[in-house]
Amino acid sequence: DAKTTQPPSMDCAEGRAANLPCNHSTISGNEYVYWYRQIHSQGPQYIIHGLKNNETNEMASLIITEDRKSSTLILPHATLRDTAVYYCIVENSGYALNFGKGTSLLVTP
Amino acid sequence: DTEVTQTPKHLVMGMTNKKSLKCEQHMGHRAMYWYKQKAKKPPELMFVYSYEKLSINESVPSRFSPECPNSSLLNLHLHALQPEDSALYLCASSRPTSAYEQYFGPGTRLTVT
């Protein structure tokens, strides 16, 4: 069973914020939420991760709801280069990244 | 240097051939991974090496044989593959205690004829 549910595709206008949702209603207390993205013809790229608190780095922000059943990845000012498949991953195994189907984000001019 | 390199970029091989995929990193990471990715599908974990020892084999057929000769190199030896093994093969590395932050190479696009 998939641990996460993401919309299959989303569009975003260049320069606007891209808000990518992820549902993980069965998350357990010690599982982290990780986000990766895969630009076409490249390997996946780590973006950000979090447990309970909201997190921000130079690439994105991660907002996790108080009940931890869902999260949102925010790209504050999307560019054409942000067009990619975005994967939300919930894991605590310590080694495995079980990629789900992800969200294909298209940033348009 | 945060780069993981993979060679070759593309490989076409027959079902009776023996070939190898190579992966290299110089970040001092002691965990390395092989993933397989079919078209329009997410990557699937195949093998995990930790401190140069195989720690995870996700029930991969024996026609795929991994090898980690040292802490910077990871090989995947291929023999008697099937056409359905055609895929993008991705290598990744991480600190063993930070497996959530994996650095991926660009992959080798394998076609089995």
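Described in the following lines is the structure provided in the data block.

Procedures and definitions
- Residues numbered from 1 in each chain as written.
- Chains lettered and ligands numbered in written order.
- Predicted model: local features only at pLDDT ≥ 70, side-chain atom pairs only at ≥ 80, totals over all residues.
- Heavy atoms only, no water.
- Helix = DSSP H or I, 4+ residues; strand = E, 2+ residues; numbered from the N terminus.
- Rg over C-alpha atoms; globule rule 2.2 N^0.38 Å.
- Buried < 20%, exposed > 50% of the residue type's maximum accessible area, 1.4 Å probe, protein only.
- Pairing = 2+ DSSP bridges.
- Axes fitted to C-alpha atoms, helices over the stretch in contact; angles between N-to-C directions.
- Contact = heavy atoms within 4.5 Å.
- Polar contact = N/O pair within 3.5 Å; in protein donor to acceptor, adjacent residues only side chain to side chain.
- Phe/Tyr/Trp six-rings, centres within 6.5 Å; stacked < 30°, edge-to-face > 60°.
- Salt bridge = Lys/Arg side-chain N within 4 Å of Asp/Glu carboxyl O.

Of the regular secondary structure elements, chain A holds zero helices and nine strands. The N-to-C order of helical and strand elements in chain A reads β-β-β-β-β-β-β-β-β. Over its C-alpha trace chain A gives a radius of gyration of 13 Å, about what one expects of a compact globule, namely 13 Å for 109 residues. Referenced to the eigenvectors of the C-alpha coordinate spread, the extents of chain A come out at roughly 40 × 30 × 25 Å. Counting only residues that meet the buried cut, chain A has 43% of its 109 residues in that class.

What follows deals with the sheet that holds strand β1 (residues 4-7) of chain B. Residues and elements named next belong to chain B. Across the sheet, four strands lie side by side as β1-β3-β8-β7; this open sheet has antiparallel pairing. In this open sheet, the two edge strands, each paired with only one partner strand, are β1 and β7 (64-70). Across the sheet, the axes of successive neighbouring strands diverge by a mean angle of 20°, strand direction being ignored. Note: strand β3 (residues 18-25) against strand β8 (residues 73-79), seven bridges, orientation antiparallel. In the strand pairing of β8, L21 is matched with L76.

Considering the arrangement of structural elements, one finds Y35 of chain B in strand β4 (residues 31-37). Placed 71 residues apart in sequence, Y35 of chain B and P106 of chain B show a C-alpha to C-alpha distance of 12 Å. Not counting residues up to four positions away in its chain, the partners in contact with Y35 of chain B are L97 and F99 of chain A together with P43, E44, L45, M46, L88, Y89, L90, A92, Q102 and F104 of chain B. A polar contact is formed between the side chain of Y35 of chain B and the side chain of Q102 of chain B, at a distance of 2.8 Å.

As a further point, take the packing of aromatic side chains. Considering all chains together, one arrives at 12 aromatic pairs over all chains under this definition. Where Y36 of chain A meets F104 of chain B, the ring centres are 6.2 Å apart and the plane angle is 85°; that geometry is what we call edge-to-face. Separated into two different chains, Y36 of chain A in strand β3 (residues 32-38) and F104 of chain B in strand β10 (residues 103-104) make up a pair that spans both. Between Y46 of chain A and Y100 of chain B, the ring centres sit 6.2 Å apart and the planes meet at 50°, which makes this aromatic pair tilted. Within this pair, whereas Y46 of chain A is found in strand β4 (residues 45-50), its partner Y100 of chain B is found in the loop between β9 (87-94) and β10, the two belonging to separate chains. Here Y100 of chain B falls in the partly exposed class, since its relative accessible area comes to 22%. Counting every residue linked through ring pairs, the aromatic cluster contains Y32, Y34, Y36, Y46, Y87 and F99 of chain A together with Y33, Y35, Y100 and F104 of chain B.

Mapping Q102 of chain B onto the fold places it in the loop between β9 and β10. In this structure Q102 of chain B comes out as buried when scored by relative accessible area, which is 1%. For Q102 of chain B, the side chain forms a polar contact with the main-chain oxygen of A99 of chain B, separated by 3.0 Å. Residues in contact with Q102 of chain B, not counting those within four places in the same chain, are Y36, Y46, Y95 and L97 of chain A together with Y33, Y35, A92, S93 and S94 of chain B.

Quick look at the pattern of salt bridges now. Scanning the entire structure with this criterion turns up five salt bridges over all chains. The partner of K3 of chain A in a salt bridge is E31 of chain A, with the nearest N and O atoms 2.8 Å apart. Taken together, the residues span a long stretch of sequence, with K3 of chain A in the segment before β1 (9-13) and E31 of chain A in the loop between β2 (18-23) and β3 at a distance of 28 residues. K36 of chain B is the salt-bridge partner of D85 of chain B, the closest N and O atoms lying 3.9 Å from each other. Taken together, the residues D85 of chain B in the loop between β8 and β9 and K36 of chain B in strand β4 connect sequence positions 49 residues apart. Take D85 of chain B and K36 of chain B: they sit in the same class, and that class is buried. Several salt bridges converge on common partners, so that one network encompasses K36, R63 and D85 of chain B.

For the rest of this paragraph, the subject is the environment of L78 of chain B. Residues and elements named next belong to chain B. Counting through the fold element by element, L78 comes out in strand β8. By relative accessible area, L78 is classed as buried at 1%. Contact partners of L78, with chain neighbours within four places excluded, come to L11, M13, N17, K18, K19, L21, R63, F64 and L110.

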